[in-house]
Amino acid sequence: MTEPLDENCADESTRDADRPCLDLLTGLAEGPLRGDRPAGMRVSVRDRTRAAVYVGTGTCGLGAGAGKTLDVAKKYVSEHGLEADVVEVGCIGFCSMEPLVDVELPGRTRVSFGCVTADKAVEVLEAAFAGEMKGESALLQFRPEDDARAGWEGVPFIDEHPFFEHQKRLVLENCGVIDPQRIDEYIARGGYRAFAEALRGMAPEEICDVVTRSGLRGRGGGGFPTGKKWSFALETGEATKYLICNADEGDPGAFMDRAVIEGDPHRLLEGLAIAAYAIGATKAYIYIRAEYPLAIARLERALGDARSSGLIGHDILGSGFDLEIAIKKGAGAFVCGEETALIASIEGRRGMPKPRPPYPTEKGLFGKPTVINNVETLANVPVVLRDGAERFASIGTETSKGTKVFAVSGKVTRTGLVEVPMGTTIGEIVEGIGGGVENGRALKAVQIGGPSGGCIPAEHMGIQVDYDSLKSVGAMMGSGGLVVMDDRTCMVDLAKFFMAFIQRESCGKCIPCREGTRRMYEILERITRGRRGETAADALERFQGVIYLKRLAESIRDTSLCGLGQTAPNPVLSTLRWFRDEYEEHVYERKCRAGVCAELLTFTIDPEKCRGCTLCAKKCPAGAIVGAAKSPHHIIAEKCVGCGTCADVCRFDAVVVS
Amino acid sequence: MSAGLGGRAMKATLGEILESYGTGRQELIPLLQDVQEHYGYLSREVIAGVGEHLGVPPSKVYGVATFYNQFRFKPAGRFHIQVCRGTACHVRGSKKILDAVVNALGVEPGDTTRDGLFSLEVVSCIGACGLAPVVVIDGEFHAKVTPDSVAGIIESYKERAASDD
């Protein structure tokens with residue numbers, strides 16, 4: 001799909017991939033190729049006098065059934081002989097409304113519909129193409145770029161919708177809006193301009209300086225100033241250097257990197273190219289999880305297009321700068337998100353971390369200076385160069401600049417990717433953007449930063465999201481996973497879940513992490529285990545364990561080799577700090593107030609409420625529920641396995657969990 | 001595996017795959033991934049072959065392969081089931097989903113059913129947290145799964161297998 005890039009903009013032009021034209025991008029974006037359109041109107045290379053149907057086909061969209069919706073849309077357009085393009089776009093980030101379908105009619109604004117599964121698609125398309133909206137079927141409409149496009153009455157604009165109202169989309173600006181598989185679409189929206197201008201007029205030192213002044217810090221969790229990291233590598237003066245993009249998004253609960261790569265892959269490539277030029281690297285790697293097949297496919301496609309357009313490869317845009325980018329698939333190891341482990345993995349070894357120093361910026365991949373940046377960090381770079389350091393630094397707080405993308409999930413009404421300026425409070429994200437806890441239940445806590453992060457209890461929702469404030473409450477930014485929990489989430493169980501994860505993913509190199517996390521997991525297991533068959537010795541161990549839990553956590557934090565081990569006890573430490581009473585209830589009263597720790601629960605049926613519908617008896621896997629139809633049922637305690645199925649299925653709230 | 005026509009045919013294709021790679025140590029993981037994609041798992045022969053090609057002892061190849069979660073040493077089932085156990089899925093009850101899958105198949109994670117139809121794997125996070133809890137079967141996503149819907153989903157794949165045969 002790169003035909004427009006191979007077009008020669010003037011008769012005398014001889015441009016091809018081997019002999020790129022320096023003014024190619026300017027020509028493409030401003031004319032003469034696009035000269036017929038005034039500046040500010042270039043939002044798409046698509047013929048906008050035609051209608052278009054956009055279907056969000058990111059991984060989450062496809063998971064919700066966008067593939068079938070896409071088929072229906074294509075069939076609808078061809079059957080009705082409509083003059084319309086059907087375009088696949090990435091994910092706009094509104095996961096709970098997937099599959100999302102947008103319709104853009106000539107002369108009208110682009111309007112979005114949510115939850116358009118295949119069975120509803122025809123109805124939605126009919127309404128949209130007829131130009132009439134029925135009730136509340138439309139989700140929102142985009143702001144028109146000129147007055148010539150008429151809005152839809154009664155449909156909120158994107159910046160009025162509660163999910164988008166408080167967001168500031170820099171990294172995600174193109175996600176879900178443009179066709180990620182077309183490089184010309186990205187260029188039409190000003191893409192690769194920052195890179196071209198950097199190549200033409202900026203020395204590597206200047207770029208490092210701009211990025212340092214912008215205050216951009218690593219978005220992968222550490223928060224190290226990006227410009228500074230680049231300067232270290234630049235100043236080593238070695239001839240061979242490497243740049244690695246860390247797209248091994250292993251934190252459970254974070255998926256922003258996947259969304260950026262699926263929805264706007266060229267943004268990452270542009271950021272990567274700028275970074276490589278700034279540090280003087282001619283070879284870059286993108287280390288991406290094998291669990292993201294769609295993202296890998298989109299990235300490969302984008303890389304091929306960029307290469308054939310002369311934007312990656314030899315003598316880019318006639319500047320003399322060479323860059324080769326290789327995609328490396330991760331093989332499923334959480335620890336490979338750690339810099340030195342990632343390097344070991346690319347070198348074809350077991351992904352085990354090494355002590356630092358020497359830092360990778362001195363001695364990294366194959367012993368050469370290496371800079372490792374996360375996807376979101378690199379996706380910010382074109383914005384920094386385009387808008388300038390000052391403008392970028394004007395967003396955010398004193399120590400944390402710019403925006404941060406959070407993956408909001410869990411028990412929240414509106415789930416999805418949310419990009420907010422640094423300094424926004426957690427409460428604003430959860431209540432305002434996320435719409436609060438689903439089903440009107442009470443908010444208990446927010447888990448932020450994945451297995452290295454911590455929990456923030458409901459009373460601290462006023463805390464700002466920036467690198468330092470989060471640390472003050474025992475959490476951390478991490479890569480930006482934000483899982484909302486209601487009163488039916490058990491904090492001890494959550495800590496156990498994370499310890500099980502860490503214990504499984506520990507590489508086994510250093511003892512504190514390998515053995516310590518295992519012991520912590522065992523202690524938590526003991527706390528949540530039932531009394532049945534428990535001996536006096538077991539009970540004693542349970543009490544002892546809790547006493548050691550905190551001390552053990554602190555030793556692991558202080559003595560582990562790498563970041564994974566040092567932060568591994570965080571989920572336990574933070575839940576102990578904020579939810580100590582819940583731990584004590586588990587230990588002393590043998591009670592789980594959230595009703596999660598199955599072995600600590602007893603289930604009984606309230607005969608007043610039970611209507612005898614027999615549903616629970618049918619669903620009970622242990623056959624522990626007896627009773628005749630239309631008369632109250634009874635649970636045989638000796639047979640009950642505590643799975644909680646009866647409580648889940650009961651429509652009359654008759655199962656009492658205690 | 002070592003004798004017979006199948007063995008030879010396999011050797012030939014393994015050779016072809018190996019030829020398309022260089023001999024540096026950094027080729028090891030991409031090569032193993034490629035080979036696994038081709039055969040569905042890493043057999044002893046394959047590990048030895050890869051080691052020979054790269055000049056790396058089989059013990060080291062095995063060491064690398066066992067470190068990473070992606071590599072399997074037993075053939076996968078015809079349908080590969082991945083149950084996501086990420087944080088968002090956990091909070092939304094993926095433990096019960098996993099139990100329901102284990103119950104329905106009668107195998108533990110990491111194993112394949114006797115009829116060779118299903119293999120079960122637990123993954124840390126599939127990155128579709130907005131749709132939690134998620135079960136992925138051969139790349140097809142099943143979103144917002146409930147313990148009740150598990151049996152139906154598995155049944156639909158059994159039917160598919162039956163109609164293919």
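Rules and cut-offs
- Residues numbered from 1 in each chain as written.
- Chains lettered and ligands numbered in written order.
- Predicted model: local features only at pLDDT ≥ 70, side-chain atom pairs only at ≥ 80, totals over all residues.
- Heavy atoms only, no water.
- Helix = DSSP H or I, 4+ residues; strand = E, 2+ residues; numbered from the N terminus.
- Buried < 20%, exposed > 50% of the residue type's maximum accessible area, 1.4 Å probe, protein only.
- Contact = heavy atoms within 4.5 Å.
- Salt bridge = Lys/Arg side-chain N within 4 Å of Asp/Glu carboxyl O.
- Pairing = 2+ DSSP bridges.
- Axes fitted to C-alpha atoms, helices over the stretch in contact; angles between N-to-C directions.
- Buried area = accessible area lost by both parts, 1.4 Å probe.
- Polar contact = N/O pair within 3.5 Å; in protein donor to acceptor, adjacent residues only side chain to side chain.
- Nonpolar A, V, L, I, M, F, W, Y, C, P; charged D, E, K, R; others polar.
- Phe/Tyr/Trp six-rings, centres within 6.5 Å; stacked < 30°, edge-to-face > 60°.
- Lys NZ or Arg CZ within 6 Å of the ring centre and 35° of its normal.

**Q** Help me understand the side chain of Gln167 of chain A, please; the structure alone is not making it clear to me.
**A** Residue and element names in this part refer to chain A. Relative to the helices and strands, Gln167 is located in the loop between α6 (162–165) and α7 (183–188). Assessed through its relative accessible area of 10%, Gln167 is described here as buried. Once you skip the residues sitting within four places of it in the chain, Gln167 turns out to touch Leu417, Val418, Glu419, Val420 and Ile433.

**Q** Explain the environment of Arg193 of chain A here, please?
**A** Residue and element names in this part refer to chain A. Residue position: Arg193 is located in helix α8 (residues 193–201). Residue Arg193 is classed as buried on the basis of its relative accessible area of 18%. When the C-alpha atoms of Arg193 and Ala495 are compared, they prove to be 46 Å apart, with 302 residues separating the residues in sequence.

**Q** Please explain the pattern of salt bridges as it appears in this structure.
**A** Close approach of charged atoms allows side chains with opposite charge to pair. Residue and element names in this part refer to chain A. Using the criterion set out here, one finds 45 salt bridges over all chains in the structure. In this structure, Glu160 engages Arg143 in a salt bridge whose closest nitrogen and oxygen atoms are separated by 3.5 Å. Remark: Arg143 occurs in the loop between β5 (138–141) and α6 and Glu160 occurs in the loop between β5 and α6; sequence separation between them is 17 residues. The partly exposed category is assigned to Glu160, whose relative accessible area is 41%. Given a relative accessible area of 43%, Arg143 falls into the partly exposed group. The residue Asp486 makes a salt bridge to Arg441 at a minimum N-O spacing of 4.0 Å. Separated by 45 residues along the polypeptide, Asp486 in strand β14 (residues 481–486) and Arg441 in the loop between α17 (426–433) and β12 (443–448) bring together distant segments of the chain. It is possible to trace a salt-bridge network through shared partners that takes in Glu173, Asp264, Arg267, Arg386 and Asp387.

**Q** Whenever I open this one, the sheet that holds strand β1 (residues 51–56) of chain A confuses me. Can you help?
**A** Pairing between the strands of a sheet is mediated by backbone hydrogen bonds and can be parallel or antiparallel. Residue and element names in this part refer to chain A. Reading across the sheet, the five strands line up as β2-β1-β3-β4-β5 and stay open at both edges, with mixed pairing between neighbours. Two strands lie at the open edges of the sheet, namely β2 (84–89) and β5, each paired on one side alone. Across the sheet, the axes of successive neighbouring strands diverge by a mean angle of 20°, strand direction being ignored. Of the strand pairs in this sheet, strand β3 (residues 101–104) and strand β4 (residues 110–113) are connected by four bridges, and their pairing is antiparallel. The partner of Asp102 across the bridge, within β4, is Ser112.

**Q** Is there a simple way to explain unusual backbone geometry in this structure?
**A** Here the residue pair Arg356 of chain A and Pro357 of chain A is connected by a cis peptide bond, since its omega of -5° sits within 30 degrees of zero. Backbone torsion omega between Ala132 of chain B and Pro133 of chain B reads -10°, so that peptide bond is classified as cis. The phi dihedral of Cys115 of chain A falls on the positive side, at around 55°, and the residue is not glycine. We classify Cys115 of chain A as partly exposed; its relative accessible area is 28%. Even without being glycine, Tyr192 of chain A reaches a positive phi, approximately 65°. If you trace the backbone, Tyr192 of chain A turns up in the loop between α7 and α8.

**Q** How should the interface of chain B and chain A be read in this particular structure?
**A** How big an interface is tends to be stated in terms of the accessible area lost upon association of its parts. Taken together, the contacts link 34 residues of chain B with 53 residues of chain A. In this assembly, chain B packs against chain A so that about 3400 Å² is buried in total across both faces, 57% of it on carbon and sulfur atoms. A per-residue breakdown of the area chain B buries against chain A is headed by Phe67, Thr87 and Val91 of chain B, which together make up 19% of the total. Our count for the chain B to chain A interface comes out at three salt bridges. A salt bridge links Asp648 of chain A to Lys96 of chain B, with the nearest nitrogen and oxygen atoms 3.1 Å apart. Linking chain B with chain A are 20 residue pairs in polar contact (both at pLDDT 80 or more). Contributing elements (two or more residues each) for the side of chain B that touches chain A: α2 (28–39), α4 (58–67) and α5 (87–91) of chain B. The leading source of residues in the side of chain B that touches chain A is α2 of chain B, at five residues. Across the side of chain B that touches chain A, the residue classes tally to 16 nonpolar, twelve polar and six charged.

**Q** Explain the packing of aromatic side chains to me, please; I cannot follow it from the model alone.
**A** The relation between two aromatic rings is expressed through the spacing of the ring centres and the mutual angle of the planes. Counted by the stated rule, this structure contains 16 aromatic pairs over all chains. Ring geometry for Tyr277 of chain A against Phe321 of chain A: centres 5.2 Å apart, planes inclined by 75°, an arrangement best described as edge-to-face. Note that Tyr277 of chain A is positioned in helix α12 (residues 265–279) and Phe321 of chain A in the loop between α13 (293–308) and β8 (324–329), a separation of 44 residues in sequence. Summarising the burial analysis for this pair, Tyr277 of chain A and Phe321 of chain A share the class buried. Measuring from centroid to centroid gives 5.4 Å for Tyr62 of chain B and Phe73 of chain B, while their planes differ by 55°, and the two rings are tilted. One end of the pair, Tyr62 of chain B, is in helix α4; the other, Phe73 of chain B, is in the loop between α4 and β1 (79–84), with eleven residues separating them in the sequence. On the accessibility criterion, Tyr62 of chain B (43% relative accessible area) is partly exposed. Under the relative-accessibility criterion, Phe73 of chain B is labelled partly exposed at 32%. A cation sits over an aromatic face here: Arg110 of chain A above Tyr54 of chain A, 3.5 Å from the ring centre. One residue, Lys404 of chain A, lies across the ring of Phe406 of chain A, its end atom 5.8 Å from the ring centre.

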